[in-house]
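Structural overview
As a plain string of letters, each chain reads:
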Amino acid sequence: MAIRGFSGLIAPMEEFERRVKNVRARMEKRGIDILVIYSAPGSMRFGQRGHVMYISGYEPYFGDTMVILPYDEGLDPVLEIDAANYFPTECTWIKDVRPPRDFVKTLRDYLRENGLKGVRVGFVGEYSMSPWLYNRFLTEVEAEFVNASDILEEERAVKSSYEIECIRKASEIAKKGFEAAAEFAKPGVTEAEIQAEVEKVCRIAGSEFFPHYTMVTSGTEPTSESWWYGFRELRHGDPWLLDFGTMYRGYCCDICRPMSIGPPSQEQKDVVDILIQAQKAGERVAREGVPASEVDRAVAEVLREAFGIDWWGTGHGVGLEVHEWPFVGYSHVLHSQAYRDMVLKENMVISIEPIVYRPGVGEMQIEDEFRITKTGCERLNNIPREIIQC
């Protein structure tokens, strides 16, 4: 079935045509007849809104959603939306949009309506389903089921030029937030007030949302790492961190810079210089054909030599979700295949974010996104890599 466009789509029609074509090619290789794509609300980590939004354009917000995508182009896909129907159907190209009822019954009805028997059904986003719902699919639908989340994980990991430009635009908006924070921060201002100022400026500049907490941590004590408190007043000489992201056309950025109320100490500058060296070490390694774990290893070696710490978890992919594929250094986490080590490909976008806490210095971090190329990588913002003095 040809895809027909609507004016309310979050991405150009050509994007959805490319995505569906590529996903169907992957379905063919796996012998999958039907793909059940499942998403929950949220943009913080894999398995939330991204899968359904990537294919359909519809953002799960109030509850879980599901797309039924057939391999056969002659069959219409189905989108079952979430519990509150506040979004217009014009935000998706899918014509058969059904109200929330029972995902299992929707799939059973779809197979019956289209005369499909003995089909192979692939699950995408099974980690977002409750075990109860997952088991119902297996026991109440006559089909062969396989887990196929890797189809969309790998497809989403490699960004189109449109997606890269959206991330770049989000980064430009975030830069305005850093500039506003540097101008606003002064002794007596609280972390929460800085958060509010940053988000106000970025909203006005075009940010649709903030994919994770706007994290402001200040001071040198271990409790300064508790970014969710937010009510500490900054003092002259304080080091502080701003770690946040913005969102443009659904796509996220995730950037962090160390900052200082007044001139930073020499020790603070020395620590940040090492973090920049560590990030650049990862940057030098990152290119097409290199396992993501090699980037993690390059960053970890610098931090281990300088600080004697056992470091892993250098970064993550960034896109419709602020933490998505490929994960950089998370292959140590064995309970989920989503964290598996992936070989980097051209136009993947990853963050590299070395971080360290030092007594008397505080928590220091630097984070940027990089687009993978055949011969290296490109940083997607031009925010200076240094301590920003307020």
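Structure's up top.
These remarks concern the structure in this document. A quick note: this is a predicted structure, and the numbers were derived from the prediction, not measured. (Residues numbered from 1 in each chain as written. Predicted model: local features only at pLDDT ≥ 70, side-chain atom pairs only at ≥ 80, totals over all residues. Heavy atoms only, no water.)

Attention now goes to the sheet that holds strand 1 (residues 34–39). Ordered in space as 4-3-2-1-5-6, the six strands form an open sheet in which the pairing is mixed. The strands lining the two open edges of the sheet, one partner per strand, are strand 4 (96–98) and strand 6 (144–147). Shown here is a sheet whose adjacent strand axes are inclined to one another by a mean of 20°, direction ignored. Across four bridges, strand 5 (residues 120–124) lies against strand 6 in parallel orientation. Among the inter-strand pairings, Val121 is bridged to a residue of strand 6, identified as Phe145. (Pairing = 2+ DSSP bridges. Helix = DSSP H or I, 4+ residues; strand = E, 2+ residues; numbered from the N terminus. Axes fitted to C-alpha atoms, helices over the stretch in contact; angles between N-to-C directions.)

What follows deals with the sheet that holds strand 7 (residues 215–218). Spatially, four strands are ordered 7-8-11-19 in an open sheet, and the strand pairing comes out mixed. With one partner strand each, in any of the chains shown, strand 7 and strand 19 (388–389) form the two edges of the open sheet. Sheet strands touched by helix 6 (residues 161–184): strand 8 (239–244), strand 11 (255–260) and strand 19. Its angle to strand 11, the strand with the most contacts, is close to 15°. (Contact = heavy atoms within 4.5 Å.)

Moving on, we come to the packing of helix 1 (residues 13–30) against helix 5 (residues 149–157). Relative orientation of the contacting elements helix 1 and helix 5 amounts to 140°, with a least axis distance of 10 Å. As far as their axial angle goes, helix 5 and helix 1 are oblique. At the point where helix 1 passes helix 5, the crossing takes the right-handed sense. Contacts from Arg18, Asn22, Val23, Arg26, Met27 and Arg30 of helix 1 reach helix 5 at Asp150, Ile151, Leu152, Glu154 and Glu155. Taken together, the residues of the contact of helix 1 with helix 5 sort by class into four nonpolar, one polar and six charged. (Parallel < 35°, antiparallel > 145°, perpendicular 65-115°, else oblique. Left-handed = near helix turned anticlockwise from the far one by under 90°. Nonpolar A, V, L, I, M, F, W, Y, C, P; charged D, E, K, R; others polar.)

Attention now goes to the packing of aromatic side chains. Enumeration according to the criterion identifies eleven aromatic pairs in this entry. For the pair Phe327 and Tyr339, a centre-to-centre distance of 4.8 Å together with 70° between the ring planes defines the contact as edge-to-face. Here Tyr339 lies in the loop between strand 13 (324–328) and strand 14 (349–352) and Phe327 lies in strand 13, a separation of twelve residues in the sequence. One exposure class covers both Phe327 and Tyr339, and it is buried. Following the ring pairs from residue to residue traces out a cluster consisting of Phe123, Tyr134, Phe137 and Phe145. Positioned over the ring face of Tyr54 is Arg19, at 4.3 Å from the centre of the ring. In this arrangement the basic side chain of Lys186 is found over the ring face of Phe184, its NZ or CZ atom lying 5.5 Å from the centre. (Phe/Tyr/Trp six-rings, centres within 6.5 Å; stacked < 30°, edge-to-face > 60°. Buried < 20%, exposed > 50% of the residue type's maximum accessible area, 1.4 Å probe, protein only. Lys NZ or Arg CZ within 6 Å of the ring centre and 35° of its normal.)

Considering the arrangement of structural elements, one finds Glu155 in helix 5. Residue classification places Glu155 among the buried positions, given a relative accessible area of 6%. Filtering out sequence-adjacent residues up to four positions away, Glu155 remains in contact with Arg18, Asn22, Val23, Arg26 and Tyr54.

Moving on, we come to the side chain of Gln268. Inspection of the secondary structure assignment puts Gln268 in helix 8 (residues 266–285). There is a polar contact of 3.0 Å between the side chain of Gln268 and the backbone nitrogen of Ser265. Among residues more than four places away in sequence, those in contact with Gln268 are Gly237, Pro239, Ser260, Val361, Met364 and Ile387. (Polar contact = N/O pair within 3.5 Å; in protein donor to acceptor, adjacent residues only side chain to side chain.)

What follows is about the state of the cysteines. Applying the stated criterion across every chain yields a total of zero disulfides. Free of any disulfide, Cys91 has its nearest cysteine sulfur in Cys166, 16 Å distant. Cys256 carries a free sulfur, and the closest cysteine sulfur to it, the one in Cys253, is 12 Å from it. Cys256 gets classed as buried once you look at its relative accessible area, which sits at 0%. (Disulfide = S-S within 2.5 Å.)

Relative to the elements of secondary structure, Asn381 occurs in the loop between strand 18 (377–379) and strand 19. The class of Asn381 is buried, set by a relative accessible area of 11%. Considered as a pair, Asn381 and Leu334 are 47 residues apart in the sequence and their alpha carbons are 33 Å apart. Other than its neighbours up to four places away in sequence, Asn381 contacts Ser171, Ile255, Arg257 and Asp368. Reaching out from Asn381, the side chain makes a polar contact with the side chain of Asp368 at a distance of 2.8 Å.

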